[in-house]
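Structural overview
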Amino acid sequence: MQPPPAPSPPSNVRALVPAWLPAIVAAVVSPAFVVKVKDYDVWWHMATGRWIALHHALPTTDPFAYTMVGKPCHFMNGIAAGVLYAAYRAGGANGLVLLKPLFAMLILTLVGLCLRELRVSRGTVIALVAATALLVHARYTVARPMIMGAAILAAGQLAVIRSHERRDRSHLFFLLALPLWPLVHGTALVGFALLGALLVAAVVARAPRRRVVEIAATLAACLVLSAALPWWRGLYYTAAGLGGGATATSFTAEWQTGMQALGDRVGHWIVIAGAV
């Protein structure tokens with residue numbers, strides 16, 4: 001007697017797109033991020049990286065700004081500064097330029113893998129990865145720590161989506177990434193939001209109690225670690241606006257409000273609509 005055939009998957013469940021597809025799309029669009037050095041913060045970051053390399057420590061007071069001599073240095077992207085300094089030592093300005101497409105490819109590949117976990121179609125993966133490249137191009141063609149922070153953020157998003165979709169322990173990624181994340185960029189704070197979203201999703205989906213407790217314990221452990229690490233406390237201090245800087249920001253007008261920037265983003269919204 002023949003055994004009964006294995007049940008076929010539901011017709012509404014789409015197969016995963018090939019894992020190589022996001023990397024191919026990212027490799028095609030990332031050369032657009034080969035842009036010459038066009039911002040001035042990079043020199044301060046590289047000077048910080050050089051200081052760390054010479055002293056084998058993070059600075060506790062501002063060693064550069066004459067208006068802040070002797071003042072405590074609460075928040076420092078030490079790892080990112082070291083990477084920028086190393087890139088410059090290795091290849092000069094060209095080293096900084098090449099760093100940007102490398103991180104762009106990494107970020108866009110991770111975004112594509114997030115879409116893959118959500119089982120979207122190949123066309124959707126291609127369209128949204130390309131749209132993401134266009135949306136972040138203006139900001140991520142500057143040699144700043146945020147391009148590295150964005151890579152960790154994209155990896156964290158992939159870990160959360162994978163954990164939710166596969167019901168595995170991918171969220172434990174945050175126990176490894178969060179302790180040192182502030183030394184790369186302040187996007188580390190968003191890591192808690194990702195873990196919190198995963199916890200809420202588990203509760204709403206009525207996941208087994210053991211899984212909910214495990215996610216909650218991971219979030220609690222990350223919070224405890226952040227409270228114990230000095231660079232995390234510095235990030236909290238800076239994020240709360242206790243470190244000053246508002247006057248300089250208003251004079252330089254570096255940051256626009258959302259409404260001020262809205263008129264410059266019409267083309268971006270058209271691309272998003274077309275991708276969707």
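Residues numbered from 1 in each chain as written. Predicted model: local features only at pLDDT ≥ 70, side-chain atom pairs only at ≥ 80, totals over all residues. Heavy atoms only, no water.

Under the definition given, this model contains 6 salt bridges. A salt bridge links Glu117 to Arg116; the nearest nitrogen and oxygen atoms lie 4.0 Å apart. Judged by relative accessible area, Arg116 falls into the buried class, the value being 16%. Residues participating in the shared-partner salt-bridge network are Arg116, Glu117, Arg162, Arg166 and Asp168. (Salt bridge = Lys/Arg side-chain N within 4 Å of Asp/Glu carboxyl O. Buried < 20%, exposed > 50% of the residue type's maximum accessible area, 1.4 Å probe, protein only.)

Below, the discussion takes up the packing of aromatic side chains. The geometry of an aromatic ring pair comes down to the distance between the two centres and the angle between the two planes. Across all of its chains, the model carries 4 aromatic pairs by this definition. With a centroid separation of 5.9 Å and an interplanar angle of 85°, the aromatic rings of Trp43 and Tyr88 are classed as edge-to-face. One end of the pair, Trp43, is in helix α2 (residues 41-55); the other, Tyr88, is in helix α3 (residues 78-117), and 45 residues separate them in sequence. Taking relative accessible area as the criterion, Trp43 reaches 41% and is therefore assigned partly exposed. Residue Tyr88 is classed as partly exposed on the basis of its relative accessible area of 33%. With a centroid separation of 5.5 Å and an interplanar angle of 75°, the aromatic rings of Phe173 and Phe174 are classed as edge-to-face. With a relative accessible area of 26%, Phe173 lands in the partly exposed category. When its relative accessible area of 0% is taken as the criterion, Phe174 is described as buried. Each member of the aromatic cluster is reached from another via a ring pair, and the members are Phe192, Trp232 and Tyr236. (Phe/Tyr/Trp six-rings, centres within 6.5 Å; stacked < 30°, edge-to-face > 60°. Helix = DSSP H or I, 4+ residues; strand = E, 2+ residues; numbered from the N terminus.)

Now for a nonpolar patch on the surface. There is a patch of nonpolar side chains on the surface, built from Trp20, Ile24 and Val28 and spanning about 350 Å² of accessible area. Inspection of the secondary structure assignment puts Trp20 in helix α1 (residues 20-29). (Patch = residues over 30% accessible without salt bridge, like charges linked within 9 Å, V, L, I, M, F, W, Y side chains within 5 Å. Areas by Shrake-Rupley, 256 points an atom, 1.4 Å probe, with all protein chains shown as cover.)

Below, the discussion takes up the packing of α2 against α3. When two helices pack together, you describe them by how their axes are tilted relative to each other and by the distance separating the axes. As a packed pair, α2 and α3 sit with axes 7 Å apart at the nearest point and diverge in direction by 110°. Regarding the angle of α2 to α3, the classification is roughly perpendicular. α2 and α3 meet at a crossing whose hand is left-handed. In contact with Val42, Trp43, His45, Met46, Thr48, Gly49, Arg50, Ile52 and Ala53 of α2, α3 contributes Gly78, Ala81, Gly82, Leu84, Tyr85, Tyr88 and Leu96. (Axes fitted to C-alpha atoms, helices over the stretch in contact; angles between N-to-C directions. Parallel < 35°, antiparallel > 145°, perpendicular 65-115°, else oblique. Left-handed = near helix turned anticlockwise from the far one by under 90°. Contact = heavy atoms within 4.5 Å.)

The next thing to look at is the side chain of Arg211. One can find Arg211 in helix α8 (residues 209-228). Buried and without a salt bridge, Arg211 has Glu214 as its closest oppositely charged side chain, separated by 5.0 Å. At 2.6 Å, the side chain of Arg211 and the backbone oxygen of Ser163 are in polar contact. Within the structure, Arg211 has its side chain in polar contact with the backbone oxygen of Asp168 (distance 2.9 Å). Discounting residues that sit within four places of it in the chain, Arg211 has contacts with Ser163, His164, Arg167, Asp168, His171 and Leu198. (Lys, Arg positive; Asp, Glu negative; His and termini not counted. Polar contact = N/O pair within 3.5 Å; in protein donor to acceptor, adjacent residues only side chain to side chain.)

These figures come from the coordinates and say nothing about function on their own.
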